[in-house]
Amino acid sequence: MAGLFEVVVPDAPFVRMAPGPPAPGLHRLTANAPAGISPVLWRSPDLVHWSPVPDFLLETTNSTFRVTDPAPPAGPNLYQMRW
């Protein structure tokens, strides 16, 4: 038997990468989500191998989240937020 699946999204969803690091060595991503949802920041060096970012910094204002990777590894890093 199939069940119903409901996805609640914000009225105007967005994800933004800060134009520059907030401080040397930091990377910041801002997004919004419905109330009560907590994001998890993931990082990849190559879009194939993903791992959660340990101890990422999370700031919330209403339904807007700002996450910061406090210790990104050297080299290119790709990010995604998962809820």
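Before going into details, it helps to say that this report is about the structure given with it.

### Focus: the pattern of salt bridges
Applying the stated criterion to the full structure yields 1 salt bridge. Notably, a salt bridge pairs Arg 43 with Asp 69, separated by 2.4 Å at the nearest N-O pair. Highlighted residues: Arg 43 in strand β3 (residues 40-44) and Asp 69 in strand β6 (residues 64-69), separated in sequence by 26 residues.

### Description of the side chain of Ser 44
Note that Ser 44 resides in strand β3. A relative accessible area of 0% places Ser 44 in the buried class. Within polar-contact distance, the side chain of Ser 44 engages the backbone nitrogen of Asp 46 at 3.0 Å. A polar side-chain atom of Ser 44 sits 2.9 Å from the main-chain carbonyl oxygen of His 49.

About the thresholds
Residues numbered from 1 in each chain as written. Predicted model: local features only at pLDDT ≥ 70, side-chain atom pairs only at ≥ 80, totals over all residues. Heavy atoms only, no water. Salt bridge = Lys/Arg side-chain N within 4 Å of Asp/Glu carboxyl O. Helix = DSSP H or I, 4+ residues; strand = E, 2+ residues; numbered from the N terminus. Buried < 20%, exposed > 50% of the residue type's maximum accessible area, 1.4 Å probe, protein only. Polar contact = N/O pair within 3.5 Å; in protein donor to acceptor, adjacent residues only side chain to side chain.

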